[in-house]
Amino acid sequence: IPHFAAGMGIYIFSLILASLLTLPFALRAICPYLWMDILYFWDLLRILVKFVSRRRRRPLFFVLDRFFEQTAAFPHKPFVVFGHESYSFAEADKRSNKVANALLARPEFKAGDTAALFMGNHPAFLFTWLGLAKCGSPVALLNHNIRSKSLLHCLGCCRPKVLIALKEAVEDILPSLREQGVTVLLMTQQCDTPGIESFADKVDEASDAPLPRSLRSHITTESPAVYIYTSGTTGLPKAAMVNQNRLLTALTVLCSNGVSSSDVIYLNLPLYHTAGFFIGFIGSIETGSTIILKRKFSASQFWDDCRKYNVTVIQYIGEVMRYLCSTPKRENDKDHKVRLAIGNGVRADIWREFLSRFGNIQVREFYASTEGNVGFLNYVGKIGAIGRVNFLHWKLFPYTLVKYDTERDEPVRDSNGLCVEAPKGETGLLVSKITHIAPFVGYAQNEEQTEKKRLRDVLKKGDLYFNSGDLMRIDKDNFIYFQDRVGDTFRWKGENVATTEVSDILTISDCLDEANVYGVKVPGHEGRIGMAAVTVKDGSHFDRSKTYSHVVNYLPSYARPRFIRIQKAVEVTGTFKQKKVKLVEEGFDPGCVQDPLYFLDDNEKQYIPLTPQVYFSIISGEIKL
Ligand SMILES: *[C@@H]1O[C@H](CO)[C@@H](O)[C@H](O)[C@H]1NC(C)=O
């Protein structure tokens, strides 16, 4: 009997052992993503612990302190490479000391004052930002493509003392800048424009001595660090205030993707946007990786650059992937060291093509917005998805999709006045609960716009959510897919365009009375391209070349309406809201639309009639947009 018992014991033991060993396989078959979900949550926890311990440090720990740590650890490691120029961490440190000292030598600027950067991608951008961080100064990152009214508006949001620019596109607003008491400094050796001073020469002469910590003693975790401009649902760009605390969280994005100091990052997205600045620049400070900085994206140089600099990590927006896939095939397409692509907005078909053509690159599609309080990461590499519902992530950052009425442009409400959650598989508006760990700071000097992004009485009376303005869908396997933007914005070439801003510009032209702006889809392109349904002023006619010059002068290329539809009257809904849904559906096909249609032709430098022939050239891709 003892033998039997022992034998039984061993039998039961091996049974348990076997089931323990096979359990992971069984689970894997039942829930194929469980292991990845656990790993992801583990990563999330690790990052959270690190973040919390940094928050506890005294004196307070900021992104700049991480830069100092990296400089101490690898002083001679290349930090930024730009064409033939290369700067180590120590050199970047010295160069930014010079910028800070040159600024502090000026009577109109003192530590803690806000500054605005009006620069394209250039090492000077990074050094100036670091220099300003050393002065404890918040920095407004201006989109250097914007002009006139929009630019002035952006400056008004954050009231900088100085504006530091690379080129002189600020001339046309110089009088207004002076009125607002903004000093304009140009990163050149000399400058002949009255009212603008050269600054690069002063930086060269300035001392490279480190800046005392006391200059930054006023900073708290809530202090503004940078202002990033976003085109919201309405009106002119809004300055999203990014405080020190949030900037600290930005450090984590790259390291949560396994990027380390041995990585080389190819940064060709604009530094004034969240993706380039947070993930590329701030992310490299965290990981200690090398940045290969490019002025802008070039499909023809992309892979040669990757080979030349041994790039291991690339950043993308959807258009980047599309352009890369549409370059002529080459034999060495798979010959590179790129292992990871981080970005957002790539469509499933392009994603597949990218992988089959350029080899086994891990594509990490993510979703985040500058001011939003929830983000997703597609950590399993499911093609087409922007992320995955993860219960523990959801516990930390509660969000949901609610039914949205695109006609009325607002969430559907039930008889109790609450929103209605969209069931799985259905499209809904992403809203995320505003909490202590998922705060929504809002926009600088713009309480009205801030309030517009807050959504109350969502699931319970009195609750408060952030309205992302993005329509999403969650499938039965819990993958999240981006569907569209709602309301008065559309996305083209990776930029959000606020339609009201474009209509404002159109209606100050000589011949147009009213303008209703929207985005339309063009086959073979991501996002939507700008279109305007306009009415012509009484007694006037549509001046094709004047309107062209007006649009080109006042709007960056991505925001220009490429199609114009002339209407007798702008249709409005019962609430006098301009009726867009129908216009969007009708698009720009001259075969369907009876109204006269025009196309912005950059070669002819005017709007030309949109004939069926022009239409087919656009649809077939013969005319590049
Ligand atoms: C890239 O890597 C190769 C081989 O590992 C090396 O010989 C080359 O010097 C590296 N190039 C750069 C720019 O680091």
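Residues numbered from 1 in each chain as written. Predicted model: local features only at pLDDT ≥ 70, side-chain atom pairs only at ≥ 80, totals over all residues. Heavy atoms only, no water.

- Going by the annotation in an unreviewed UniProt entry, the name recorded for the protein is long-chain-fatty-acid--CoA ligase, with Echeneis naucrates given as the source organism.
- Note on the protein: under the UniProt heading Subcellular location (unreviewed entry), the record states "Cell membrane". (UniProt positions renumbered as here; feature names shortened; annotations may be inferred.)

### What about the packing of aromatic side chains?
At step 1: Evaluated as defined, the whole model comprises 30 aromatic pairs.
At step 2: With a centroid separation of 4.9 Å and an interplanar angle of 90°, the aromatic rings of tyrosine 33 and phenylalanine 479 are classed as edge-to-face. Note that tyrosine 33 is positioned in the loop between α1 (2–30) and α2 (34–56) and phenylalanine 479 in strand β23 (residues 479–485), a separation of 446 residues in sequence.
At step 3: When the ring of phenylalanine 67 is compared with that of phenylalanine 79, the centres are 5.7 Å apart and the planes differ by 55°; the resulting orientation is tilted. Placement of phenylalanine 67 in helix α3 (residues 63–73) and of phenylalanine 79 in strand β1 (residues 78–82) is noted, with a sequence separation of 12 residues between them.
At step 4: Exposure remark for phenylalanine 67: the relative accessible area of 0% places this residue in the buried category.
At step 5: Ring pairing ties together the aromatic residues Phe67, Phe68, Phe79, Phe89, Trp129, Phe277, Phe278 and Phe281, which thus form one cluster. (Phe/Tyr/Trp six-rings, centres within 6.5 Å; stacked < 30°, edge-to-face > 60°. Helix = DSSP H or I, 4+ residues; strand = E, 2+ residues; numbered from the N terminus. Buried < 20%, exposed > 50% of the residue type's maximum accessible area, 1.4 Å probe, protein only.)

### Structural notes on the pairing of β1
At step 1: When you tally the buried positions in β1, you get four out of five residues, the bulk of the element.
At step 2: With four bridges connecting them, β1 and strand β2 (residues 85–88) associate as antiparallel partners. Opposite proline 78, over in β2, you have serine 88 as the bridge partner.
At step 3: A loop of two residues connects β1 with β2, the two strands running antiparallel in sequence, and glycine 83 in this loop sits at a positive phi of about 60°.
At step 4: Of the strand pairs in this sheet, β1 and strand β11 (residues 290–293) are connected by two bridges, and their pairing is parallel. Along β11, the bridge assignment pairs valine 81 with isoleucine 292. (Pairing = 2+ DSSP bridges.)

### Quick notes on the sheet that holds strand β5 (residues 162–165)
At step 1: Here we have seven strands laid out as an open sheet, ordered β7-β6-β5-β3-β4-β8-β9, and mixed in their pairing. Each edge of the open sheet carries a strand with a single partner, namely β7 (196–198) and β9 (238–243). Direction aside, neighbouring strands of the sheet carry axes that sit 25° apart on average.
At step 2: Where strand β8 (residues 224–230) lies against β9, six bridges are found, and the strand directions are antiparallel. The residue bridging isoleucine 228 from the neighbouring strand is alanine 240, located in β9.
At step 3: Where helix α11 (residues 274–287) meets the sheet, its contacts fall on β4 (139–141), β8 and β9, and the angle it forms with β8 comes to roughly 140°. (Axes fitted to C-alpha atoms, helices over the stretch in contact; angles between N-to-C directions. Contact = heavy atoms within 4.5 Å.)

### Topic: the site of the ligand
At step 1: Taken together, Lys308, Asn310 and Lys337 form the complete shell of residues around the ligand.
At step 2: With respect to the ligand, the side chain of asparagine 310 contributes an N or O atom lying 2.3 Å from an oxygen atom.
At step 3: Here lysine 337 contributes a side-chain N or O atom positioned 3.5 Å from an oxygen atom of the ligand. (Near = heavy atom within 4 Å. Polar contact = N/O pair within 3.5 Å; in protein donor to acceptor, adjacent residues only side chain to side chain.)

### Regarding helix α18 (residues 544–554)
At step 1: Considered for burial, the residues of α18 that qualify are Thr547, Tyr548, His550 and Val551. Viewed end-on, α18 has its buried residues packed into an arc of 165°, placing them on one side of the element. Exposed residues pointing more than 90 degrees away from the buried face of α18 are listed as Lys546 and Asn553.
At step 2: On the buried face of α18, the contacting elements are α17 (499–507), β26 (512–520), β28 (563–566), β29 (597–601) and β30 (606–609). (Arc of directions from axis to C-beta.)

### Some remarks on the domain arrangement of the protein
At step 1: Split by domain assignment, the protein resolves into domain 1 (57–367), domain 2 (386–485) and domain 3 (491–620).
At step 2: Taken residue by residue, the interface counts 14 residues in domain 1 and 14 residues in domain 2.
At step 3: In total, about 1200 Å² of surface goes out of reach between domain 1 and domain 2, with carbon and sulfur atoms giving 55% of it.
At step 4: Counting across the interface, domain 1 meets domain 2 through zero salt bridges. (Domains from an automatic or database assignment. Buried area = accessible area lost by both parts, 1.4 Å probe. Salt bridge = Lys/Arg side-chain N within 4 Å of Asp/Glu carboxyl O.)

### Examining the environment of valine 412
At step 1: Counting through the fold element by element, valine 412 comes out in the loop between β19 (410–411) and β20 (427–433).
At step 2: A residue is classified by how much of its surface remains accessible, and valine 412, at 31% relative accessible area, is partly exposed.
At step 3: Taking the C-alpha atoms as reference points, valine 412 and glycine 428, 16 residues apart in sequence, are found 9.9 Å from one another.
At step 4: When near neighbours in sequence (up to four residues on either side) are disregarded, valine 412 contacts Lys403, Tyr404, Asp405, Leu418, Cys419 and Val420.

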